[in-house]
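What the coordinates show
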Amino acid sequence: MAKSFRGGVHPDDRKRYTAAKAIEVAPIPRKVIIPTRQHLGAPCAPIVKVGDLVKKGQVVAEAQAFVASPIHASTSGKVVEIAEYPHPVFGACQAVVIESDDKDEWAPGLPLSRDWQSLDVKELKEIVRLAGLVGMGGATFPTHVKMSPPPEKPIDSFILNGAECEPYLTADHRVMLEQTERIITGMKIAMKILGVSKGYVGIEENKPDAIEIMRKACTGSAIEVVPLQTKYPQGAEKTLIKVILDREVPSGGLPMDVGTVVQNVGTMVAMADAVEKGIPLIERVATITGGAIAEPKNILLRVGATFAQAIELCGGFKEQPVKVIMGGPMMGMAQRTVDVPVIKGTSGILALSAADVNMGDEQPCIRCGRCVEACPMGLVPNMFSILGERGVFEVSVKEYNVLDCVECGSCVYVCPAKRNIVQYIKLCKVQNAAQAAAKK
Ligand code: SF4
Ligand code: SF4
């Protein structure tokens, strides 16, 4: 029987629009807008100037801290501008703008790339860092940091997150079907870096073809495919770890606290490409979908192409969208414009039509308890909305553990009063951090 967890919700997955669509490769954009910040952590500093000629894969912005990932040119051409541009996560961010020369010429590969079996852990980690790898599920945490747990946190297992539980998104599903061997190679590299002998692949049951193909590819290896019940948020790290390993990440803790590391499907392909081919992270597969898109697709897009260009490759809008989101509808980021660039964490571009969205005004909480039942973390979400609205932030942490919230949005999905619970949760977290900083 497929494994599952307490709580969660069952939204219509709406993956039917793109699940059978093979990945298309986008043409080289005429111009790419490459933000200097595409990860969680400090922004990078540009190391090119206007007028420079750059090659594909060349570093254009260098990391300034350990928790940061370098940024590379996604095509060859001329740097025509370094300026502030709209950003899909941070609102605005400095970007290096490159006008393509249509040659798409590669810079020399990453310096350490060769037969990965012969590389030691330090060399492998350095390639991962130089390649600018980040968590491609949307979290964008720098991969070399995640792959460097301190010695006092021994790791005994590795989990590949193939759940892709967000409605609409099918990019990971297609990558599992079309780049199976690259994923397995990436996993083996990751397992070597972590020094673990056991790997797991968690896949929701609504992707039986992916379960089958990944199982075949894992036969005879130390990697086990674990079918998961189709339920949101099955792919949240903490629920995945509980379901697969029966371990609970402690309050405020990380997967490494319970001896494991979780990575995304796309990140494993990028890891294999970096280590075996010397290719940095300059492109990714994203699902472009939603009721407002003429022909939804999965497309391999260059970092720095705009959402507008990606949507154009899908025939444009068939009707005016009421909402454009980067990522899925439950945890994605609403966008003010489609003139934002694709970044390393762009798993999907969702343009929702009026029929897709359940609009309505926020009402007072009626204390029905549905949000409590739905919360996979065992929290009391209605209290976050009440405390956030009243500005009682400290209580939300001390008595109601708001910091354990994974912001999955299950509570919002079931709320009949249309409470903006996640918005209040974010407010509680931000205000608490600010109050704690002010006390220091
Ligand atoms: S689901 Fe909405 S209305 Fe019901 S208790 Fe939770 S916040 Fe209140
Ligand atoms: S409180 Fe947080 S973890 Fe719980 S359902 Fe709401 S968003 Fe998800």
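Residues numbered from 1 in each chain as written. Chains lettered and ligands numbered in written order. Predicted model: local features only at pLDDT ≥ 70, side-chain atom pairs only at ≥ 80, totals over all residues. Heavy atoms only, no water.

**A word on the overall build of the protein**
Regarding its fold elements, the protein presents 13 helices and 17 strands. For 440 residues, the compact-globule estimate of 2.2 N^0.38 gives 22 Å, and the C-alpha radius of gyration of the protein, at 21 Å, lies within 12% of that figure. Referenced to the eigenvectors of the C-alpha coordinate spread, the extents of the protein come out at roughly 60 × 50 × 50 Å. Looking at the 440 residues of the protein, the share that counts as buried comes to 54%. Counted over contacts in the protein with a minimum sequence separation of 6, partners at least 24 positions apart contribute 72%. Accessible surface for the protein amounts to roughly 18,500 Å². Of this, 53% is attributable to carbon and sulfur atoms. Computing the positive centroid from 50 side-chain charges and the negative centroid from 48, the protein places the two 2 Å apart. (Helix = DSSP H or I, 4+ residues; strand = E, 2+ residues; numbered from the N terminus. Rg over C-alpha atoms; globule rule 2.2 N^0.38 Å. Buried < 20%, exposed > 50% of the residue type's maximum accessible area, 1.4 Å probe, protein only. Contact = heavy atoms within 4.5 Å. Areas by Shrake-Rupley, 256 points an atom, 1.4 Å probe, with all protein chains shown as cover. Lys, Arg positive; Asp, Glu negative; His and termini not counted. Charge placed at Lys NZ, Arg CZ, Asp CG, Glu CD.)

**Remarks on unusual backbone geometry**
Tyr232 connects to Pro233 through a cis peptide bond whose omega is 0°. Locating Pro233 in the fold gives a position in the loop between β11 (223-228) and α6 (237-245). If you check the backbone angles, Arg367 has positive phi at about 55° while not being a glycine. Mapped onto the elements of the fold, Arg367 is located in the loop between β17 (348-352) and α9 (370-374). Given a relative accessible area of 56%, Arg367 falls into the exposed group. Phi angles above zero are rare outside glycine, and Asn401 is one such case at about 55°. With respect to the helices, strands and loops of the structure, Asn401 is situated in the loop between α11 (393-398) and α12 (410-414). Classification of Asn401 by relative accessible area gives partly exposed; the value is 37%.

**A look at the site of ligand 1**
All residues adjacent to ligand 1 are Cys365, Ile366, Arg367, Cys368, Gly369, Cys371, Asn382, Cys415, Pro416, Ala417, Arg419 and Ile421. Considered class by class, the residues forming the shell around ligand 1 number eight nonpolar, two polar and two charged. (Near = heavy atom within 4 Å. Nonpolar A, V, L, I, M, F, W, Y, C, P; charged D, E, K, R; others polar.)

**Quick word on the UniProt feature "binding site: [4Fe-4S] cluster 1" (unreviewed entry) in the protein**
Under the UniProt annotation, the feature "binding site: [4Fe-4S] cluster 1" (unreviewed entry) is placed at Cys365, Cys368, Cys371 and Cys415. Despite a sequence span of 51 residues, these residues sit close together in the fold, their greatest C-alpha distance being 10.5 Å. Relative to the helices and strands, Cys365 resides in the loop between β17 and α9. Mapped onto the elements of the fold, Cys371 is located in helix α9. Residue classification places Cys371 among the buried residues on the basis of a relative accessible area of 7%. Apart from the residues within four sequence positions on either side, Cys371 is in contact with Pro381, Asn382, Cys411, Val414 and Ile421. (UniProt positions renumbered as here; feature names shortened; annotations may be inferred.)

**Thoughts on helix α4 (residues 180-194)**
Between its first and last C-alpha atoms α4 spans 21 Å; for 15 residues at 1.5 Å apiece the expected length is 21 Å, and the two agree. With 12 of 15 residues buried, α4 lies mostly within the body of the structure. Where α4 is concerned, the buried positions are Thr180, Arg182, Ile183, Ile184, Thr185, Gly186, Met187, Ile189, Ala190, Met191, Ile193 and Leu194. Phi for Gly195, located one or two positions after α4, is positive at around 70°. (Expected span 1.5 Å × (residues − 1).)

**A closer look at the pattern of salt bridges**
Counted under the stated rule, the structure contains 27 salt bridges. As a salt-bridge pair, Lys216 and Glu212 come within 3.7 Å of each other at their nearest N and O atoms. Remark: Glu212 and Lys216 occur in helix α5 (residues 208-218); sequence separation between them is four residues, near one turn of the helix. Summarising the burial analysis for this pair, Lys216 and Glu212 share the class exposed. (Salt bridge = Lys/Arg side-chain N within 4 Å of Asp/Glu carboxyl O.)

**Some details on the sheet that holds strand β2 (residues 31-35)**
The four strands are arranged β2-β8-β7-β4 in an open sheet whose pairing can be described as antiparallel. Each edge of the sheet is formed by a strand with only one pairing partner; in this case those strands are β2 and β4 (53-54). Inspection of the sheet shows β4 paired to strand β7 (residues 77-87) by two bridges, in the antiparallel sense. Among the inter-strand pairings, Val54 is bridged to a residue of β7, identified as Gly77. (Pairing = 2+ DSSP bridges.)

**With respect to the site of ligand 2**
Near ligand 2 there are 14 residues, and of these Cys375, Cys405, Cys408, Gly409 and Cys411 occur at the shortest range. When contributions to the shell around ligand 2 are tallied by element, the ones reaching two or more residues are α10 (381-390), α12 and α13 (421-439). Of the residues assigned to the shell around ligand 2, the class counts are 11 nonpolar, two polar and one charged.

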